Amino acid sequence: MAELSIIVTTYDIEDYVDQCLASVAAQTFTDIEVLVVDDGSSDSTPERISRFCEGDPRFVPVLLEENSPGGVATPANVGLDRATGTWVGFVDGDDHIEPTMFERLHAAAVSHGADLAMCDYQEEVDGTRERRDPADAHRWAPLTEPYYELDVPTSHTFLRFIAVPWRKLYRRELLESRSIRFPVSDGFFEDNPFHWFTVVSAASIAIVPEVLCHHRVARSGQTMATADERLFHIFHHHDTIHSWLASRGLLDLYQGPLLGWVISQMEWISRRTPPELRRRLFDVLVPIFAQYSLETVRRALQENNKGATAQRLSTAVAKREYGTFARTLSTRPGTDNPVVTAAFHLRHSGLRHTAVLTSRYLRNSAPSGRLSGYLTRARSKAPDSSGRDVLFGLVVIDRRLRRMEERLTDIERRLESGAAPSGTALPSGVDEERGDRSRAADRLEDPVGRS
C-alpha cells in the first residue's frame, strides 16, 4: 500500500498523455501508486497508457470499455474506489506537473495535520504554450498563513477558489468516512460539487502558494472551450450542492456563498453564450434564483463583491425580467481584454466610472508590490506596446475621485433608508453624479468581478 494514490483521468488525448504521465513518473515523492483511468477513448490513448505502464510498476492502467456519459465523474470515482493510499491526488491527462508537486503538498498536509492541501497553478494555452494566471490568482494575496482551520467564514474563502481537484491533496479517510464521490450525471463540471463536499467536510487545509501544475486550455474538444448549451450543465450542480447542504443542516450557513457561486458561473457563461441561446440560459437560471428571496440575492451580491453587470443580471433573473437580462448582455463588452474593456467603458459610461473599475481591476490583478512600478512607468513617457498604461494612468484620477464616491454612497444609503427628509438639499455636484451613476448602471460591466 502506497502513501499516496495519484489518479490520472484521460479521454482522447493521445497527443498529450505521454507528457502527463512522464511528469507524474518524475515526482520527487516516490511512495506512490498511479491509477491511470481511461474513459473509453476512441484514439490511441489506451495503447499509449498501456505501453507507459509496462515500464513502471507503480503505474496501473484502468481502461474502461465505453465512454461514460458526462464528464470526469465516472473515471475519477473508479480511481477513488481502487485507491489504497493514505492520501489521494488527481492529475488531468492533458496537464503536466512540476516534479516537486506532490512532495510539497504531502509535506504541507502532514506537517500541519490537515485534511486538504492546495497549491497554485497556471494555464498553458494549447499550441502557443503561453502561460497565464487563472481567474482566481488574486485570491491568494490575503492568505498569509501556511495552514487554516476551516470554520464557516474560512470555508467561504476557499469555496471561492476555482473548483479544480487536480491542484489538491485529499486525506482518503475524509473521503471514505463522508462517502464523498463525484456526482455522476450526463452533464459536466462535476468537480464543482466535489469541491464543495470536501471543503465543507474538512477540518483544515494547508496551502502551498506555488505554481506546481500547468493546466492546458483552449484544447480542441475540451469542455471549457465550448460555446453552446453544454456550458449550462454547471447550473445543474446547484441543486446537488443545495440538497447536500440541506441534508446536513448547513444550508443557512452557506446560502450566500452558494448563490454567489451561481452568480459567478452566470457571469462567465453569459459572456460565452451566443445571442440565440440567451433565453435558454435565462430559463435555466430562473428556477435557481426562485429558491432565494430578493434580499438574499442582494446580500450574496454584496458579500461576493459583485459589480454592476452581475447586479443587473441577477436582479433581472430574480424578478423574471428577460428584457433587462437580454439588454444587459447586449451592452457589455464582448472581450476580457482590459484595454478594450476600458475603451468600452470610456465610450459608454464616461471617465469617472471607468476609473473606479480600473482601480478594482488593478487591486484584483496586479501582484502585490508591482502596482507602484506600473504607476511609475505610466508617469514616465516610455511607450507601452500593450496599452495597459491607459488603465494604470486612470488610477491617478481614481484616487482623486474615491472620496467623492464614498460620500455619494453614504448619501444614497441614507436617502434609501429614509434618513434624509424629502427635499433635503444635496451637496453641490451630487445630483449630477447620481445621474451619471444611474445611467452608467444601465450599461456597465465589472471586468474583474467574476470568482
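Anyway, here's the lowdown on the structure attached to this text.

Rules and cut-offs
Residues numbered from 1 in each chain as written. Predicted model: local features only at pLDDT ≥ 70, side-chain atom pairs only at ≥ 80, totals over all residues. Heavy atoms only, no water. Core = buried A, V, L, I, M, F, W, Y, C linked by side-chain atoms within 4.5 Å. Buried < 20%, exposed > 50% of the residue type's maximum accessible area, 1.4 Å probe, protein only. Helix = DSSP H or I, 4+ residues; strand = E, 2+ residues; numbered from the N terminus. Contact = heavy atoms within 4.5 Å. Polar contact = N/O pair within 3.5 Å; in protein donor to acceptor, adjacent residues only side chain to side chain. Expected span 1.5 Å × (residues − 1).

Concerning the nonpolar core
Working step 1: Within the largest apolar cluster, 104 residues are counted, with the highest numbers of intra-cluster contacts made by Phe90, Phe158, Phe235 and Phe325.
Working step 2: For this core, the element with the highest residue contribution is helix α9 (residues 251–272), accounting for 10 residues.
Working step 3: Residues within four places of Phe235 in sequence aside, it is in contact with Val262, Gln265, Met266, Ile269, Leu281, Val284, Leu285 and Ile288.

Looking at unusual backbone geometry
Working step 1: For Phe189, which is not glycine, the phi dihedral falls at a positive 65°.
Working step 2: By the element assignment, Phe189 lies in the loop between α6 (172–177) and α7 (191–201).
Working step 3: For Phe189, a relative accessible area of 10% corresponds to the buried category.
Working step 4: Even without glycine at this site, Arg320 takes up a positive phi of about 60°.
Working step 5: As for its position among the elements, Arg320 is in the loop between α12 (308–318) and α13 (322–330).

Quick notes on the side chain of Glu123
Working step 1: Examined against the element boundaries, Glu123 turns out to sit in strand β6 (residues 116–125).
Working step 2: When its relative accessible area of 15% is taken as the criterion, Glu123 is described as buried.
Working step 3: Of the polar contacts made by the side chain of Glu123, one reaches the side chain of Arg132; its length is 2.8 Å.
Working step 4: In contact with Glu123, not counting residues within four places along its chain, are Glu130, Arg131, Arg132, Asp133, Pro134, His215 and Val217.

Points about helix α10 (residues 278–289)
Working step 1: Spanning 12 residues, α10 covers 16 Å between terminal C-alpha atoms, matching the ideal 16 Å at 1.5 Å per step.
Working step 2: The secondary structure elements touched by the buried residues of α10 are α8 (236–247), α9, α11 (294–303), α12 and α13.

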